[in-house]
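Here is how the chains run, residue by residue.
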Amino acid sequence: MLQSKVKNTHTHPRSRLGMVLRTAALSFAAILVISGHVASAQADQIEIPLELANKLRPAVTGEGALDTPFFNATKEEITIASLKGRGVVLNFWATWCAPCVREMPALDRLAVKLKESGVDVIAVSEDRKALKKVPPFFAANGIDNLDVFYDVKGKLSRKVGVEGLPTTVLINAEGQFVGRVLGVLEWDAPETVNYLAQTLGPQKP
């Protein structure tokens, strides 16, 4: 909240430059997610939440990211390409990662709130022996709306440019990587839910 009074009407050149750069960064983040997915008429109506804008970065993906498999609880292979048609909030986490554990309940609630919008929340574990660790973790922490997924030897996380945990990659219904968030976010905040539903979900005719 900006409540401080301005005592000096002359802004230092460095201060002006800093303000311009910060504004440009936020504008770039908003354009990054909106462009190529939301029609221009809709884009004017969608405002990116400030917390998300501050943490959103360009998606960095390597060759073959769309086809690199990860696995579900029954050891079936899944690829990002196979998820096309629905938006995806793709979270990379681990049971040993304290920030990941802290944000997991918000992702669990987000999964319910986005389901009818055509957007899925997929939390991919980077744990070793994930099938032995993740199900009891979910049970102990009341995570009821997320399925078990895991990444073998971090192959998928490397392909999508994960540099630390938690990292969440945003993918629209056309299968396009539109941004990533490094660190914890209040994922189930109403404004964030609305923004993700409109920007990642299937386009309405």
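That block above? That's the structure.
Residues numbered from 1 in each chain as written. Predicted model: local features only at pLDDT ≥ 70, side-chain atom pairs only at ≥ 80, totals over all residues. Heavy atoms only, no water.

*Asks:* In this structure, what is going on with the overall build of the protein? I would like to understand it.
*Replies:* Counting secondary structure elements, the protein contains seven helices and eight strands. By the burial criterion, 45% of the 205 residues in the protein qualify as buried. A separation threshold of at least 6 residues defines the contact pool for the protein, and within that pool the share at least 24 residues apart is 74%. Of the roughly 11,800 Å² of accessible surface on the protein, a fraction of 55% belongs to carbon and sulfur atoms. (Helix = DSSP H or I, 4+ residues; strand = E, 2+ residues; numbered from the N terminus. Buried < 20%, exposed > 50% of the residue type's maximum accessible area, 1.4 Å probe, protein only. Contact = heavy atoms within 4.5 Å. Areas by Shrake-Rupley, 256 points an atom, 1.4 Å probe, with all protein chains shown as cover.)

*Asks:* Is there a simple way to explain the packing of helix 4 (residues 98-115) against helix 7 (residues 190-200) in this structure?
*Replies:* The description of two packed helices rests on the angle between their axes and on the distance between the axes. Interhelical geometry of helix 4 versus helix 7 gives an angle of 50° and a closest axis separation of 10 Å. Judged on the interaxial angle alone, helix 7 and helix 4 are oblique. By crossing handedness, the relation of helix 4 to helix 7 is classed as right-handed. Judged by residue contacts, Leu110, Lys113 and Leu114 of helix 4 engage Val193, Leu196 and Ala197 from helix 7. Counted by class, the contact of helix 4 with helix 7 contains five nonpolar, no polar and one charged residues. (Axes fitted to C-alpha atoms, helices over the stretch in contact; angles between N-to-C directions. Parallel < 35°, antiparallel > 145°, perpendicular 65-115°, else oblique. Left-handed = near helix turned anticlockwise from the far one by under 90°. Nonpolar A, V, L, I, M, F, W, Y, C, P; charged D, E, K, R; others polar.)

*Asks:* Just to check I follow, could you spell out the packing of aromatic side chains for this structure?
*Replies:* Summed over all chains, the structure comprises five aromatic pairs. Measuring from ring centre to ring centre gives 5.6 Å for Phe71 and Tyr150, while their planes differ by 25°; the resulting arrangement is stacked. Taken as a pair, Phe71 in strand 2 (residues 70-72) and Tyr150 in strand 6 (residues 149-150) lie far apart in primary sequence, 79 residues in all. Using a relative accessible area of 14% as the deciding quantity, one classes Phe71 as buried. (Phe/Tyr/Trp six-rings, centres within 6.5 Å; stacked < 30°, edge-to-face > 60°.)

*Asks:* How do you make sense of the nonpolar core when you look at a structure like this?
*Replies:* Ranked by internal contacts, the top residues of the largest apolar core, which has 38 residues, are Val89, Met104, Leu110, Leu114, Phe138, Leu146 and Trp187. Mapped by element, the contributors of at least two residues to this core are helix 3 (50-55), strand 4 (87-93), helix 4, strand 5 (119-125), helix 5 (130-141), strand 8 (177-182) and helix 7. In terms of residue count, helix 4 provides more of this core than any other element does, seven residues in total. Among the nonpolar cores identified, the runner-up in size contains 17 residues, and Ala65, Ile78, Ile80 and Leu156 belong to it. (Core = buried A, V, L, I, M, F, W, Y, C linked by side-chain atoms within 4.5 Å.)

*Asks:* In this structure, what is going on with the environment of Thr61? I would like to understand it.
*Replies:* Note that Thr61 resides in the loop between strand 1 (56-57) and strand 2. What makes Thr61 partly exposed here is its relative accessible area of 40%. Between the alpha carbons of Thr61 and Val160 there is a distance of 4.2 Å; along the sequence they are 99 residues apart. Those residues in contact with Thr61, other than ones at most four positions away along the chain, are Lys159, Val160 and Phe177.

*Asks:* It is not clear to me how a positive patch on the surface should be interpreted in this structure. Could you clarify?
*Replies:* Where like charges cluster on the molecular surface, the positive patch consists of Arg128, Lys129, Lys132 and Lys133. Relative to the helices and strands, Arg128 resides in the loop between strand 5 and helix 5. According to the relative accessible area criterion, Arg128 is exposed, its value standing at 73%. (Patch = residues over 30% accessible without salt bridge, like charges linked within 9 Å, V, L, I, M, F, W, Y side chains within 5 Å. Salt bridge = Lys/Arg side-chain N within 4 Å of Asp/Glu carboxyl O. Lys, Arg positive; Asp, Glu negative; His and termini not counted. Charge placed at Lys NZ, Arg CZ, Asp CG, Glu CD.)

*Asks:* Explanation requested: the side chain of Glu103 in the structure shown.
*Replies:* In this fold, Glu103 is placed in helix 4. In this structure Glu103 is buried but unpaired, with Lys55 as the nearest side chain of opposite charge at 7.2 Å. In this structure Glu103 touches Asn91, Pro166, Thr168, Gly183, Val184, Leu185 and Trp187, once residues within four positions along its chain are discounted.

*Asks:* Hey, could you run me through the environment of Phe137 in this one?
*Replies:* Inspection of the secondary structure assignment puts Phe137 in helix 5. Separated by 36 residues in the primary sequence, Phe137 and Val101 place their C-alpha atoms 9.4 Å from one another. Not counting the four nearest positions on each side in its chain, Phe137 is found in contact with Trp93, Thr95, Val101 and Met104.

*Asks:* How should the pairing of strand 4 be read in this particular structure?
*Replies:* A regular strand carries its side chains on alternate faces of the sheet. Within strand 4, seven of the seven residues are buried, leaving the element largely enclosed by the surrounding structure. Here strand 4 shows a buried face lined by Gly87, Val89, Asn91 and Trp93 and a second buried face lined by Val88, Leu90 and Phe92. Summarising the sheet, strand 4 and strand 5 pair through seven bridges and their orientation is parallel. Each bridged residue has a counterpart across the sheet, and for Gly87 the counterpart in strand 5 is Val119. As a crossover connection, the stretch from strand 4 through helix 4 into strand 5 is right-handed. Looking at chain direction, strand 4 and strand 7 (residues 167-171) are connected through five bridges and run antiparallel. Residue pairing in the sheet places Asn91 in a bridge with Thr168 of strand 7. (Pairing = 2+ DSSP bridges. Right-handed = clockwise from strand over helix to strand, strands pointing away.)

In short, shape yes, function no, at least from these values alone.
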